[in-house]
Structures are given as structure tokens and as C-alpha cells.
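For reference, the chains in residue letters:
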Amino acid sequence: MKIAMIGTGYVGLVSGACFADLGNTVWCVDKDKEKIDMLNNNIVPIYEPGLNELVKKNFLFNRLKFTSDLNIAVKNSDIIFICVGTPLSKKNKSADLQYVFKAATEISKSINKFKIIVTKSTVPVGTGDKIEKIILGRKKKKLFEVLSNPEFLREGEAIRDFRFPDRVVIGSNNKKVTKKLETLYEPLIKKGAIFFSTNRKGAEMIKYASNAFLATKISYINEIGNLCEKTGVNVEDVSIGMGLDKRIGGRFLRVGPAYGGSCFPKDTKAITVTGDLYRTNLSIIKSVIKSNEKRKRILTERIKVILSNKVKGKKIAILGVTFKPNTDDMRQSSSLLMIPYLQKKGANIKYYDPSGEKNNFSKLKNVTFCKNINEACKNVDLIVIHTEWDEFKSIDFKRLSRGKKFKIYDMRNLYSSEKMKKLGISYYSIGR
Ligand code: UDX
């Protein structure tokens, strides 16, 4: 099939490359000409494992094309996916839909024959109706159909999540057009993905409700972790014990320093604003937002306690600063609060992250980027494991601790407390 992806961010570029890899012809559109030039020169501006190769291969086979001319892409496509960003709006924390509506207006100018328009961006319930109105302002109803097809891609695992989704959700009342999308996703359905169709608002709601639930699940186990620490219970056992109940499920039940990224923080806030708009107080999600924000502070302040309230002059190594592994994304990462806090308290900080140095910290005095684990951990008082990158999972602390006294604060519970005790290292973790 011939497809256009409007927006070449995480969602548009990954989905576009994966659709091309399934044999479709895909036009990826972005108004950022510089980004399009980079992509046409085989430079992929997104850190996503496997994406470079996927883009290069499909670009070479001429299945994947990049342009900043939306008109060409729409005219040459039957299905147009809107994949532009929906950041939080400054004023009331709802989703800012200006880019979505701009794309809809541009698309309506280029419709020359029947087109299927699909929102893949995360949009509040009812946005599809607004997009339809925008296009109706210029085109007759019979020339287009607007559907919702939310994505469930995790950063760092996006290609895998596209290829092996638990479900493909389509929101439309038009059976014929829904069938067309089912055909497009056929290769994934054949490999086990469930195709679920509902109406357009239903699909829009599924996306927000799913992300808000996952954030709730994480905050839930984080708070149970707090209680486990007080009662001498190992939260890892609780996660496993709970997760074996198929009604609960073990995934997204791992304690951490607070969830980050662009989606959970943005989507939880946006759905509570939608709730307020419809005079329906989503009190549970509101408390999840508060709990998560508070957690960032609590766990950062815990470092002060671990250092017996003497942070000034202390040397601290931070391993991993991104919000999760296999991404260079720093959005809403708890390290953005933790590092400036410790720096202000007079600590000397060295950090290492496999995705490279971060501008977020470049202006901070006594905060230095190191190129590897050993350089970061040399002669420090405390090692903080903040992000669970694979290379942090088998550090030889025995060798590292030779002749040096340092503490470890493992915010991802990568190591065993017992083993650390045997090594004579004072080891702190979460919920244990
Ligand atoms: C999320 C959703 O998972 C995805 O379906 C949606 O399309 C986009 O938002 P993403 O934000 O990329 O994906 O990453 P995810 O793996 O969900 O992690 C989000 C945050 O939750 C990270 O900070 C991670 O460290 C944290 N997390 C995740 C936990 O603390 N515990 C867990 O068990 C899982």
C-alpha cells in the first residue's frame, strides 16, 4: 500500500520504516527541512536500537522516502498517518493539538481523491471529530475518512513493539476502511497480534487509559516498595508473587526512581484535564501524578541520608541518567532533579551514560561526564545506579572496591544485597 507518515519523530519514523519493511511504499514528511536532509543522507536523528539499519535498507529499496513537501506525500498515498507531537500545553497541561490541526489543514488542501486519514499521535478523546470538521471545511465527506490507530511503542524497544504488538487498535465506524487497515496490518496479525476495532473515540480513550494504567501500576509498586522497606520485606518478591496472578501480570511492576519519559507524565496529566473538562474527577490518576513527582524528591533526598547528611565535598558517581535504557531521551528523567540537587549541596559529581554526554548538565559546576564506568567510579564515596543499562548489570565491584571504601545506591535493584554484604560494601537499594 501507499502510505504517508506526517511527522518523523519516534512514532512517525519508526512506524514508517516498519511499514516500509513490510513492503509498503512510505513517504515520511516533516516540515523540518534539516531533518529531512539528514534522513535523505542516511543520517537517522533518533537514538533507537535497530532504526539506522531499518531506515537505510528501506531507503535503498526505495520503499521509504523523505520529503518536507506534504502535498507530494498526500497525493501519492492512500493512507495518511498523523504522527506529529502532542506535547503538554503550557497553560492547563492538556495536550497541545496545534500540530495535529495544522497537519489536518495541510492534508485537506492536498486531497485529490479518497484518502484514509489516521491519527497515530496520542490525542484526547474527540480529537478525531475535530479533525473531521477541519477537513470538512474544505472537502466533501465522501473524499475522506478519519480513523484512530494509537501506537503502543516503548522507546528503546519501538521496532520490536511495532513488529510484535499485543494488539492493533483501530477506531472507526466505517467497516470498509477498517478492513483496509486490517489488510495493512495483516503481516503482524498473522504473527499473533490481535486486531481490535472499536469506534474512533474508543480507540482514542484506549491509548490514554492504557498509559495512565501503566503509570498507576508503576506508582503502585513504588509505594508498596516504600512500605516494604519499613517492614523488612523484599519488594522484588512481592512483584513476583503479585505478577503470577494473571489478573495482575508481572510487567511494569518493577520499583524504580519514578517513571519518566515523555509519554507517561504527559498522558497522565492530559487525561485528568479531559476528566475535569467533562466534570469527571480522575482522582486515582491525579494521585499517581503527585506520588510520582514526590518520589523523585524522596529518593533524591535519601542520598543525603546515605551520606550521613554530609553531601558537601563528597564524590558521587551516577551510572545512567536517561529515563530508561536504550534511549538518549532525558525527558522527565529523575536524574534531572537528582544531579542539580546534589550539585547545589556541594557534591562533586561524575556521571556516565552509554548514550553520551547530556547538555542538561553542561552548565553545572563540578558535574563531569565520564566515558566509562571505571572513570566515573574512580575514587568516589558513593556510586548511584540510576538507569538500568545492560552494561551496569555485571560490574566487578570486588575489583572496584579494592582498597577503596564506597557505598552503592542501586535505584534499579540490579544487585543482590546478600552478595554486597559478603563483599563488605554498604549497599542500598529500593523496597528491600
Ligand atoms: C510508554 C509506554 O510503555 C508505551 O506503550 C507508550 O506508547 C509510550 O509510553 P516509554 O515511556 O517509552 O513507553 O517507556 P516505558 O518502558 O513505558 O517506561 C516509562 C518509565 O517507566 C521509565 O522511566 C521506566 O524506568 C519506568 N518503569 C517502567 C518503571 O519504573 N518500572 C517498570 O516496571 C516499568
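Since we're looking at a predicted model, the values are computed, not measured. (Residues numbered from 1 in each chain as written. Predicted model: local features only at pLDDT ≥ 70, side-chain atom pairs only at ≥ 80, totals over all residues. Heavy atoms only, no water.)

A word on the state of the cysteines. Simply put, disulfide is the name for a covalent bond between the sulfur atoms of two cysteines. Applying the stated criterion across every chain, the model contains zero disulfides. The thiol of Cys 83 is not disulfide-bonded; the next cysteine sulfur, from Cys 28, is found 8.1 Å away. Take Cys 83: its relative accessible area is 8%, and that puts it in the buried class. The closest cysteine sulfur to the non-disulfide-bonded Cys 263 is located on Cys 83, 13 Å from its own sulfur. (Disulfide = S-S within 2.5 Å. Buried < 20%, exposed > 50% of the residue type's maximum accessible area, 1.4 Å probe, protein only.)

Okay, a positive patch on the surface next. On the surface, a cluster of positive charge is contributed by Lys 378, Lys 398, Arg 399, Arg 402 and Lys 404. Note that Lys 404 resides in the loop between helix H16 (397-400) and strand E13 (407-410). (Patch = residues over 30% accessible without salt bridge, like charges linked within 9 Å, V, L, I, M, F, W, Y side chains within 5 Å. Areas by Shrake-Rupley, 256 points an atom, 1.4 Å probe, with all protein chains shown as cover. Salt bridge = Lys/Arg side-chain N within 4 Å of Asp/Glu carboxyl O. Lys, Arg positive; Asp, Glu negative; His and termini not counted. Charge placed at Lys NZ, Arg CZ, Asp CG, Glu CD. Helix = DSSP H or I, 4+ residues; strand = E, 2+ residues; numbered from the N terminus.)

On to the domain arrangement of the chain, then. According to the domain assignment, the chain consists of domain 1 (2-198), domain 2 (208-293) and domain 3 (296-428). The straight-line distance from the C-alpha centre of domain 2 to that of domain 3 is 24 Å. Residue-level contacts link 16 residues of domain 2 with 13 residues of domain 3. Looking at the side of domain 2 facing domain 3, the largest losses of area belong to Pro 257, Gly 261 and Glu 293, adding up to 45% of the total buried there. Counting across the domain 2 and domain 3 interface gives three salt bridges. Across the salt bridge formed by Arg 254 and Glu 388, the nearest N and O atoms sit 3.3 Å from each other. Taken together, domain 2 and domain 3 are joined by six residue pairs in polar contact (both at pLDDT 80 or more). Listing elements by their share of the side of domain 2 that touches domain 3, those giving two or more residues are helix H10 (200-231), helix H11 (235-243) and helix H13 (283-306). Here the side of domain 2 that touches domain 3 is composed, by residue class, of six nonpolar, six polar and four charged. (Domains from an automatic or database assignment. Contact = heavy atoms within 4.5 Å. Buried area = accessible area lost by both parts, 1.4 Å probe. Polar contact = N/O pair within 3.5 Å; in protein donor to acceptor, adjacent residues only side chain to side chain. Nonpolar A, V, L, I, M, F, W, Y, C, P; charged D, E, K, R; others polar.)

This part covers the side chain of Thr 119. With respect to the helices, strands and loops of the structure, Thr 119 is situated in strand E5 (residues 115-119). If near-sequence neighbours (up to four positions away) are discounted, Thr 119 is found in contact with Ile 82, Ile 131, Leu 147, Ser 148, Asn 149 and Pro 150.

Moving on to the nonpolar core. The biggest cluster of nonpolar side chains holds 51 residues, and the ones touching the most others in it are Ile 316, Ile 318, Leu 319, Leu 342, Ile 383 and Phe 397. Excluding anything up to four places from it in sequence, Leu 342 contacts Ile 303, Val 311, Ile 316, Ile 318, Ala 347 and Ile 349. Grouped together as the second largest cluster of nonpolar side chains are 41 residues, Leu 13, Phe 19, Val 26 and Ile 159 included. (Core = buried A, V, L, I, M, F, W, Y, C linked by side-chain atoms within 4.5 Å.)

Around the ligand, the surrounding shell holds 18 residues, and the nearest of these are Glu 155, Lys 207, Arg 254, Gly 260 and Lys 324. Contacts to the ligand include Phe 152, whose backbone N or O atom sits 3.5 Å from an oxygen atom. Separating an oxygen atom of the ligand from a side-chain N or O atom of Lys 324 is a distance of 2.9 Å. Burial of the ligand by the protein amounts to 96% of the accessible area it has alone, namely 660 Å². When residues of the shell around the ligand are traced back to their parent elements, those giving at least two are H10 and helix H12 (263-277). (Near = heavy atom within 4 Å.)

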